[in-house]
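These are the residues of each chain, in order.
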Number of protein chains: 4
Amino acid sequence: MSNTYGQSIRLSIFGESHGKAIGMVLDGVEPGVSIDMDQLEFQMKRRAPGGALATSRKEADQVEFVSGILNGKTCASPICGIIANTNTHSQDYANLAAWMRPSHADYPAYMKYHGFNDIRGGGHFSGRLTTPLVAAGEICNRALCNHMPLQAGSHIVKLGEYEEPLWSDILPDVLASHEKLAIPCQDPDRVASIIEKARMDMDSVGGIVETALWGVPVGLGDPFFDSMESRLSHILFSVPAVKGVMFGAGDGFASMKGSEANDPYYFDNEALVKTRTNHNGGILGGITTGMPIVFRTIIKPTASIGKKQMSVNLQTGQEEEGQIKGRHDPCIVLRAVPVLEAAAKIAVYDAFREGKF
Amino acid sequence: MSNTYGQSIRLSIFGESHGKAIGMVLDGVEPGVSIDMDQLEFQMKRRAPGGALATSRKEADQVEFVSGILNGKTCASPICGIIANTNTHSQDYANLAAWMRPSHADYPAYMKYHGFNDIRGGGHFSGRLTTPLVAAGEICNRALCNHMPLQAGSHIVKLGEYEEPLWSDILPDVLASHEKLAIPCQDPDRVASIIEKARMDMDSVGGIVETALWGVPVGLGDPFFDSMESRLSHILFSVPAVKGVMFGAGDGFASMKGSEANDPYYFDNEALVKTRTNHNGGILGGITTGMPIVFRTIIKPTASIGKKQMSVNLQTGQEEEGQIKGRHDPCIVLRAVPVLEAAAKIAVYDAFREGKF
Amino acid sequence: MSNTYGQSIRLSIFGESHGKAIGMVLDGVEPGVSIDMDQLEFQMKRRAPGGALATSRKEADQVEFVSGILNGKTCASPICGIIANTNTHSQDYANLAAWMRPSHADYPAYMKYHGFNDIRGGGHFSGRLTTPLVAAGEICNRALCNHMPLQAGSHIVKLGEYEEPLWSDILPDVLASHEKLAIPCQDPDRVASIIEKARMDMDSVGGIVETALWGVPVGLGDPFFDSMESRLSHILFSVPAVKGVMFGAGDGFASMKGSEANDPYYFDNEALVKTRTNHNGGILGGITTGMPIVFRTIIKPTASIGKKQMSVNLQTGQEEEGQIKGRHDPCIVLRAVPVLEAAAKIAVYDAFREGKF
Amino acid sequence: MSNTYGQSIRLSIFGESHGKAIGMVLDGVEPGVSIDMDQLEFQMKRRAPGGALATSRKEADQVEFVSGILNGKTCASPICGIIANTNTHSQDYANLAAWMRPSHADYPAYMKYHGFNDIRGGGHFSGRLTTPLVAAGEICNRALCNHMPLQAGSHIVKLGEYEEPLWSDILPDVLASHEKLAIPCQDPDRVASIIEKARMDMDSVGGIVETALWGVPVGLGDPFFDSMESRLSHILFSVPAVKGVMFGAGDGFASMKGSEANDPYYFDNEALVKTRTNHNGGILGGITTGMPIVFRTIIKPTASIGKKQMSVNLQTGQEEEGQIKGRHDPCIVLRAVPVLEAAAKIAVYDAFREGKF
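## Comments concerning the overall build of chain A
- Secondary structure assignment for chain A yields eight helices and 18 strands.
- Each principal axis of the C-alpha distribution contributes one length, and for chain A these read about 70 × 50 × 35 Å.
- With 357 residues in all, chain A has 68% of them scored as buried.
- Entry remark: accessible area of chain A is about 11300 Å², with carbon and sulfur atoms responsible for 51%.
- Separation between the mean location of the 33 positive side-chain charges and that of the 40 negative ones in chain A comes to 4 Å.

Now the structure itself:
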C-alpha cells in the first residue's frame, strides 16, 4: 500500500504478471479529452515485450477500456483500462517458491506478506505492471497537449561501456524523433551489440536514460513537500529496476562552482524569460521554470540472469545454487524508455491539474 | 501545496525565512515516546548556521513545543514545534523584488504566486525551512529506536574536486561517529580548504553525500507507488538544493553486469538472511531487505554567490547585472547532512507506522 | 475526483451504468484472507436488482476478480473486481440528454462536465455503482472477522408512514438474522404494501435505516479530522440518495438533557468496561468505545418516478413536461441496506488497519 | 491520525486545552487574499467562551499568525495561526485521571493511547480545538468571497423543548443577519431560559442547528467518494458533540413521496436554472446545484454536567460516584454555530480550489 499516485488525479494500478489481467484506474482527467487509440497503441508497442533484444514473452497488450471513455472521449468518470495476461508460463516459476532469486523482491516480499503473495512471473512486482503506466501516461499526454505544446524525448547516455553526451546539445525535434527508434541513441548498433553480448553471456546490463519534456509552462510544482522533483522521482522510483534519478546537471553539480552552475536569466526575442543554460533541468525551488524538464534515470541490470547463482532456500535453510528459467530481458533499459516518459507525463499532469491560483 | 508528508504520519511545515517563526506539526507519532531534548538540540546544532564555514546568520534555533508533548513524552496529539526567527536582515532583500536571482526560486515563484510571496531571505523556499525537518526527524528517530536498533551516518563522497570511496567499506560505528564531525569525511582539512576557497572567490561549491541507515527491519515499503525509494526520494527532493538521489550502487549500476550487480543471499551465523554485497542499498522491489539502506544525495552549489551576475529585472524589462548581498553559505553540503538523515528517518518511520500485516 | 476512499486501505470504484463494466480496486487488505465466494454472492444478491419490489433490470452481478486473489486468498496486491453490465436499455435514455430529470445529478453533472458525461442510466452517478461497494465490504468483512467477532444488522425505522422503534431493544442475534430478510423490519407486509402502492401510483417513497455493528473493539478512529463518525459518514454520503446520517440517539439528543443522554460506564461480569445505555452509538470523541456502533441513514425517495414532471430542457431553453421511462425502483431503501452495511465495514476496516499504537 | 482535512487545501490543527497553545496550519490558500482581521476577531468572539450562557472560562482567543500572511495578505505559503492558552485551571482535572467521565472521550482515549494522552480540560478532544477551525473558516471565507457572493447563516431549529420551522421560508438577509445574534432563532428569550434552567439544574441540553450557504456556484463536489455531502459531513463530524448531519429535507424525506420530494427545475428571470423547492439542500449526485446548501447538525447535550454521576474508576476497578468540577457550558449549541459555518466554508473552499475542468 498504496497503489495510488497523484494529488489532483488519482492513478491506481493492479494485477500480477501471471494473473488474469493487469490494469489501471485513472481518475480526475478532464472530460472531453479525445483519446488517440493509434498513438496509445504505438506507445504500448514501444514498451511491449518481443523485440529482437527483449524477452521472448509475446503479449498483444491491448488495453480494453471498460469505463471513463465514451465515443472516444473522456467522460469525467474514472477510466479503467484492462490488459489481459495471455502468454504466461507459470510452470517456469514452480521451483522458485523457496529459492530467493538474487536482487529480486522475492525475499522481502516473502517476509512482508508471509508467503501469500503471487510469485509467478514476479507477481505484482513484475515489470509487466508498467504496461498500465504507459496507457495512463498517454491519456495524460492527450490531456496536457490541449493546454501546452508538450513534447517528450529520451536517449541513452550510458549502457554498459557505451556513453554519449548529455541532452543539452540535442535539438528538441531530434529528441522527439527518438520515439520512433527502438534504440534511442547516437550509435544503436553499438548498444545492440552490448545487449546481444549480455544475452549470449546469460547475463544482463544496466544503463542511464536521459529524458526531457518541452513545453511545460512555468509554475507547476511546490516547495515543501511536493516539489516537481519529488513528484517525478516518486513515480519514477516506482518503476522496477530504477535506482537513481537526477535532474539537470545531476552529479555534475558536485564538481561545479555556483558561478558555473547558476542559469542566467534573459529575455528572448518574444520578451519571454528564459535561462541561457538549463543546469537545473527546468525546476527551481520545486517549481517548473518554463525551460525543459530534464532528468536522468539510472536503471540497474535485469536481476533475472541465466547464469547459475547462489542464494538461500527458505525451505531447506540451505544456500543452494540455482538457475532462473522463465523469460527475461538481457537489458531493460530500452523498454523502460516509454515507461519513464509516461511516468513523467503523469506527474506533470497531476501538477497541472492542481490548477493555477 | 501540499505542505504535508506522510501516509501514516503527517508532517506539515510552515514559515518564511524572515517571518515571525517557522515550525512543524507532526501527527501520528505513538504516545509515550520520550523526547531527548539534549539529542534534539544536538541535531539542531548540526544544521544550525554559524559555523566557521557557514553563513554568518546566527540563530538559537530553539524549538518550542506548544502541543503534543506532556512531561517529556509524546501524548498522541499532533506535535507542534515552533522556532522563532530572531536574526533577520530583511533590508538585504529590499532590492531583490524585481531582479530574479539566478538559480533561485524567485522567478517561478513570482509567476506562480503573482508576486504575493514573501521574498525576504527566500521566504518559504529558504533552506531555513529545513530546521523543523531536523526536529521532526529526531522525534521519529526516538520513536523508531523503541522498535529497532536504528543508526544513521553520512559522509561526503564528493565536494568540488574532493572525492572519497563509497560507503561499503566503512564500518557502521565509524559512520555513526560522523555525527560528531563538522565535516564528515576522511580528509576534513582538504574539504574545509575547498569551501574556504569558494568563499574567498565569492563563489560556492556543490557535493554528494552518502547516507546509511542500519537496523531497519525487512518489510518496509511497497511496490507501486510507494516504494521505499519513492518515499525517501520524495522527501529528500523537498530539501532545497537537492538535485539527485540514487540508491546503493547508484550510477555504478550503469556499467555493471547483472552477475556483478546482483546481491547473493546467505545465512549469517544467526541463520538470518543477509546479502554478501548490498548494491541495491537495502531495498528490493521497493521493500527493505534488512540490509542497510544506503543512498547518495546530490547537492548543487549554493545559488547565492557574492559574484556579480546577469539576470532579468521584471520591472524594468531589462537584463541587469546584480549582486546578492544577504548572508549565505559558500557550501550547503555540510549543513545538509543532518537534514538528509532526518528526512530519511521521517520516511522510515512513516513506512514503519503503516503497520505489519 | 476523488474516486478513492480510505487512509490505510484504498478503495477505488469505476464504471458507468451502461458502460462495459463497473468495478473496484481495493488495496491494503492483509494477505492470506480467505474470500468466501458464497457469502460474497449472498451479499451481492441482497443488493441486486430484480426482486418483486424492485426495478425490472436483471443483472447477474457476478464479480470477476482479475487480481489480488490467489487460490481463494488475498495475496497482498490490489484486488480488482469487475462486474459486467449486461442488461442495458440505453435507448430509454436517448431523450434525456437535454431534459434535466428533477432531483437527479443531470443538471449539475452537465454543468460540471460540459456535457461530456455518460448520461445513460445515470452513468457514473447510478445506484448501480454501489455493487462494487458491496463486494469490497464483504472482503473487508472477512478480514475483520479474523480479528474480532464482527456482526452487522439493519432494520427499517421509517418508510413512508411506517415506523418502528430504534435498535436499542433488539437483540444482536435478531438483528443479524435480518440479513436473510428481503424487508428487514417488524412488519414486512405493511412495508411491502407501501412500496407496492408507490409503484402503482408511479411514484416512490423514502425511508430511514438503522444499522448496528457489534464486536468492534475500543480504540478505532480519531479526534480531528478522522473521527469514526467522519469516516462512516464520508462513505455513507457517497451512496446515492443518502441525505442524512446520525449516530446513536441522533435527533433524539436535541430534546435530551445531559443527565439523560450520558451513557454511564460499568464493569460487566468479565470486568470489561461497558455503558448501560448506548446513546452515543458506540463512539465518543471520534473513537469507538467497544459498544455497538449504531447509526441511522436517511434515504430520499427514488428521484426517478413514472409520473410526468416539469423540468428545463437545456437545448430548447424551455420548461417542458417529461416522463422518465427506463427501469427504476419505487423504493431504494431495501436495496440500500446491504450497501450501508458494506460501507460501514469498509470504514471500520480502514480504521482498524491503521494499526494500534 | 489524521489531523489534516482537505484535498486541495490542507488544514491541520493542533493543541491541547491546557497546553501552551492551540492552532492551525492552512495550506493551499490562494496568494493575495486580504485577511479582514476585524471580521476574524468577530467570528472568534462568536465562538469564544464567556457569554452569560456559557462557560466561565475567559480566553482572549487572539490568533497570532506566524506565517503565510504578509502585509495583511496571504502570501501562498502555509498559514500558521497560534492561539495561546492563558486561562487554564488544570487542577480541576487532577482527580479525573482514573474516573472516566460519562460520554466523554476519556475511556476510549485511555485505551487507545495507553494513558499517555493529556486529560486536562479534555486535552486534544476539547471543544476548544474548534477555535482554530473558526480562524481557518474565516480565511477560506475571504478567499471564497473573491469568487462568489457567499453568505452563510444559521438558526436553531430545536433546543430542548424549543422548536422552530426549517429554513425554507426565511429570507437570506434575515439569516445572514443572525451572525450578529447571540441566540440565532425566533424566540431567543425562550431558548435562553431553557439553557439557564439547565445550568441551574447542573444539567445540560442539546439541539439542532440549521445552516445555509448562498452564492455557491453549480458544480462543486463529486459522485464517489467525495460528494459535497461527504466533504461537509466529514468535517462537521469532527466538531465535538456533533452526532448527526442531514441535508435539505433531511429526515423529512422518509415520509415524502418522490413526487413531493423532487425539486422541479425552472428558468428564472435571468434564464438561470433554479429549482422551485430545495429539498435536496443544494446538492444532487454529490455536486452543488447552485441553490443554497442547507444542512442540519445535531448537537448532543454537553457531556460535562455538574450533577453527580456513576462511572468506573480504572485504578480502583470500582464503580464510583463522581462529580465534574471544571468549567463547562450548559449548552454548546450556541457556540457551535460559528464553528459549523466555518467548517462548511472550509469544505466549500476545498471543493472550489480543486479547479474547474
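## Observations concerning the relation of the copies chain C and chain A
- For these two chains of identical sequence, chain C goes onto chain A by a turn of 180° and a shift of 0.0 Å along the axis, with RMSD 0.0 Å. This pairing of chains is accounted for by a two-fold axis.
- A share of 100% of interface residues in chain C that are also interface residues in chain A marks the association as one of identical surfaces.

## Observations regarding the interface of chain B and chain A
- With 104 residues of chain B at the contact, the number on the chain A side is 104 residues.
- Carbon and sulfur atoms supply 61% of the area buried between chain B and chain A, which totals about 8200 Å² over both sides.
- The tally of links between chain B and chain A comes to five salt bridges.
- Measuring nitrogen to oxygen at the nearest pair gives 3.0 Å for the salt bridge that ties A:Glu319 to B:Arg276.

## Let's talk about the relation of the copies chain B and chain A
- Superposition record for chain B on chain A: RMSD 0.0 Å, screw rotation 180°, translation along axis 0.0 Å.
- Interface overlap between copies is the fraction of interface residues in one copy that are interface residues in the other; for chain B against chain A it reaches 100%, indicating a shared surface.

## Quick word on the nonpolar core
- Counting residues in hydrophobic clusters, the biggest one holds 145 residues, and the most contacted among them are C:Leu26, D:Met24 and D:Leu26.
- Every residue in contact with D:Met24, bar those within four places of it in the chain, is listed here: D:Leu11, D:Ser12, D:Ile13, D:Phe14, D:Phe65, D:Ile79, D:Cys80, D:Gly81, D:Pro132, D:Ala135, D:Ala136 and D:Ile139.
- Listed in part, the 144 residues of the second largest apolar core include A:Val134, A:Leu159, A:Ala351 and B:Val134.

## Considerations on the pairing of strand β10 (residues 207-214) of chain A
Residues and elements named next belong to chain A.
- Burial analysis of β10 places eight of its eight residues in the buried class, which makes it a mostly covered element.
- Here β10 shows no split at all, with Gly207, Val209, Thr211 and Leu213 on one side and Ile208, Glu210, Ala212 and Trp214 on the other all buried.
- Of the strand pairs in this sheet, strand β8 (residues 151-159) and β10 are connected by eight bridges, and their pairing is antiparallel. Paired with Ile156 across the two strands is Val209, which belongs to β10.

## Topic: the packing of aromatic side chains
- Enumeration according to the criterion identifies 24 aromatic pairs over all chains in this entry.
- A ring pair is formed by B:Tyr113 and B:Phe125, whose centres lie 6.4 Å apart and whose planes are at 45°; its orientation type is tilted. Here the residue B:Tyr113 occupies a position in helix α2 (residues 106-113), and B:Phe125 occupies one in the loop between α2 and α3 (131-145), the gap between them amounting to twelve residues. No difference in accessibility class separates B:Tyr113 from B:Phe125, as the two residues are buried.
- Note on D:Phe224 and D:Phe225: the rings are 6.1 Å apart at their centroids and 80° apart in plane angle, and the pair reads as edge-to-face. Accessibility assignment for this pair places D:Phe224 and D:Phe225 in one class, buried.

## A closer look at the environment of A:Gly153
All names here are of chain A.
- Within the fold, Gly153 resides in strand β8.
- Expressed as a C-alpha distance, the spacing of Gly153 and Asn71, which sit 82 residues apart in the sequence, is 30 Å.
- Beyond its immediate sequence surroundings of up to four residues, Gly153 is in contact with Trp167, Leu175, Glu210, Thr211, Ala212, Trp214 and Glu341.

## Section: the interface of chain C and chain A
- Of the residues lining the interface, 41 residues belong to chain C; the matching set on chain A comes to 41 residues.
- Surface buried jointly by chain C and chain A totals about 3100 Å² across both partners, of which 66% is contributed by carbon and sulfur atoms.
- Taken together, the links from chain C to chain A amount to two salt bridges.
- Between chain C and chain A we count 13 residue pairs in polar contact (both at pLDDT 80 or more) in total.

## Description of the packing of helix α6 (residues 228-236) of chain C against helix α6 (residues 228-236) of chain D
- With their axes 8 Å apart at the nearest point, α6(C) and α6(D) run at an angle of 175° to one another. Between α6(C) and α6(D), the crossing angle belongs to the class labelled roughly antiparallel. Two secondary-structure elements touch here, α6(C) through C:Ser230, C:Ser233 and C:His234 and α6(D) through D:Ser230, D:Ser233 and D:His234.

## A few points about the sheet that holds strand β7 (residues 79-84) of chain B
Residues and elements named next belong to chain B.
- With respect to topology, five strands assemble into an open sheet ordered β1-β2-β3-β7-β4, the strand pairing being antiparallel. With partners counted over all chains shown, the strands left at the sheet margins are β1 (4-5) and β4 (63-67), one partner each.
- Pairing between strand β3 (residues 21-27) and β7: six bridges, direction antiparallel. Across the sheet, the residue bridging to Gly23 is Ile82, located in β7.

## Overview of the packing of helix α1 (residues 37-47) of chain B against helix α8 (residues 333-353) of chain B
All names here are of chain B.
- Between α1 and α8, the least distance of the axes is 7 Å, while the angle of their chain directions is 135°. By the angle between their axes, α1 is oblique relative to α8. Taking contact as the criterion, the partners of Gln43, Arg46 and Arg47 in α1 are, on α8, Arg335, Val337, Pro338, Val339 and Glu341.
- Looking at the contact of α1 with α8 residue by residue, the class counts come to three nonpolar, one polar and four charged.

## Remarks on the sheet that holds strand β4 (residues 63-67) of chain D
Residue and element names in this part refer to chain D.
- The strand order across the open sheet formed by five strands is β1-β2-β3-β7-β4, and the pairing between neighbours is antiparallel. Pairing within the sheet leaves two strands with one partner each, and these edge strands are β1 (4-5) and β4.
- Together, β2 (10-15), β3 (21-27), β4 and β7 (79-84) form the strand contacts of helix α3 (residues 131-145), whose direction differs from that of β3 by roughly 30°.

## Brief notes about the state of the cysteines
Residue and element names in this part refer to chain D.
- With the rule as written, the count across this model stands at zero disulfides over all chains.
- Just so you know, Cys145 is unpaired, no disulfide at all, and the nearest cysteine sulfur is the one on Cys140, 11 Å from it.
- Cysteine Cys185 shares no disulfide, and the gap to the nearest cysteine sulfur, in Cys331, comes to 11 Å.
- For Cys185, a relative accessible area of 6% corresponds to the buried category.

## Focus: α3(D)
- Over its 15 residues, α3(D) extends 21 Å from the first C-alpha to the last, a length consistent with the 21 Å expected when each residue adds 1.5 Å.
- Taking burial as the measure, the 15 residues of α3(D) include 13 buried ones, the bulk of the element.

## Some points on α1(B)
Residue and element names in this part refer to chain B.
- Taken together, the buried positions of α1 are Leu40, Gln43, Met44, Arg46 and Arg47. For α1, the angular spread of buried residues about the axis comes to 155°, placing them on one side. With respect to the buried face of α1, the exposed residues turned more than 90 degrees away are Asp38 and Lys45.
- Elements in contact with the buried residues of α1: β4, β7, α3 and α8.

## Some words on the environment of D:Ser177
Residue and element names in this part refer to chain D.
- Following the sequence through the fold, Ser177 ends up in helix α4 (residues 172-177).
- Judged by relative accessible area, Ser177 falls into the partly exposed class, the value being 36%.
- Along the backbone, Ser177 and Ser154 are 23 residues apart, and their C-alpha atoms lie at a distance of 9.4 Å.

## Remarks on the pattern of salt bridges
- One pass over the full model with this rule turns up 83 salt bridges over all chains.
- The closest approach of N and O atoms between B:Asp203 and B:Lys307, which form a salt bridge, is 3.4 Å. Of this pair, B:Asp203 sits in the loop between α5 (188-200) and β10 (207-214) while B:Lys307 sits in the loop between β16 (293-299) and β17 (309-313), and the two are 104 residues apart along the sequence.
- Between C:Lys45 and C:Glu41 there is a salt bridge, and its shortest N-O distance comes to 3.5 Å. You can see C:Lys45 and its partner C:Glu41 sitting in helix α1 (residues 37-47), four residues apart, about one turn around the helix.

The rules behind each value
Residues numbered from 1 in each chain as written. Chains lettered and ligands numbered in written order. Predicted model: local features only at pLDDT ≥ 70, side-chain atom pairs only at ≥ 80, totals over all residues. Heavy atoms only, no water. Helix = DSSP H or I, 4+ residues; strand = E, 2+ residues; numbered from the N terminus. Buried < 20%, exposed > 50% of the residue type's maximum accessible area, 1.4 Å probe, protein only. Areas by Shrake-Rupley, 256 points an atom, 1.4 Å probe, with all protein chains shown as cover. Lys, Arg positive; Asp, Glu negative; His and termini not counted. Charge placed at Lys NZ, Arg CZ, Asp CG, Glu CD. Least-squares fit on C-alpha atoms with pLDDT ≥ 70 in both. Contact = heavy atoms within 4.5 Å. Buried area = accessible area lost by both parts, 1.4 Å probe. Salt bridge = Lys/Arg side-chain N within 4 Å of Asp/Glu carboxyl O. Core = buried A, V, L, I, M, F, W, Y, C linked by side-chain atoms within 4.5 Å. Pairing = 2+ DSSP bridges. Phe/Tyr/Trp six-rings, centres within 6.5 Å; stacked < 30°, edge-to-face > 60°. Polar contact = N/O pair within 3.5 Å; in protein donor to acceptor, adjacent residues only side chain to side chain. Axes fitted to C-alpha atoms, helices over the stretch in contact; angles between N-to-C directions. Parallel < 35°, antiparallel > 145°, perpendicular 65-115°, else oblique. Nonpolar A, V, L, I, M, F, W, Y, C, P; charged D, E, K, R; others polar. Disulfide = S-S within 2.5 Å. Expected span 1.5 Å × (residues − 1). Arc of directions from axis to C-beta.

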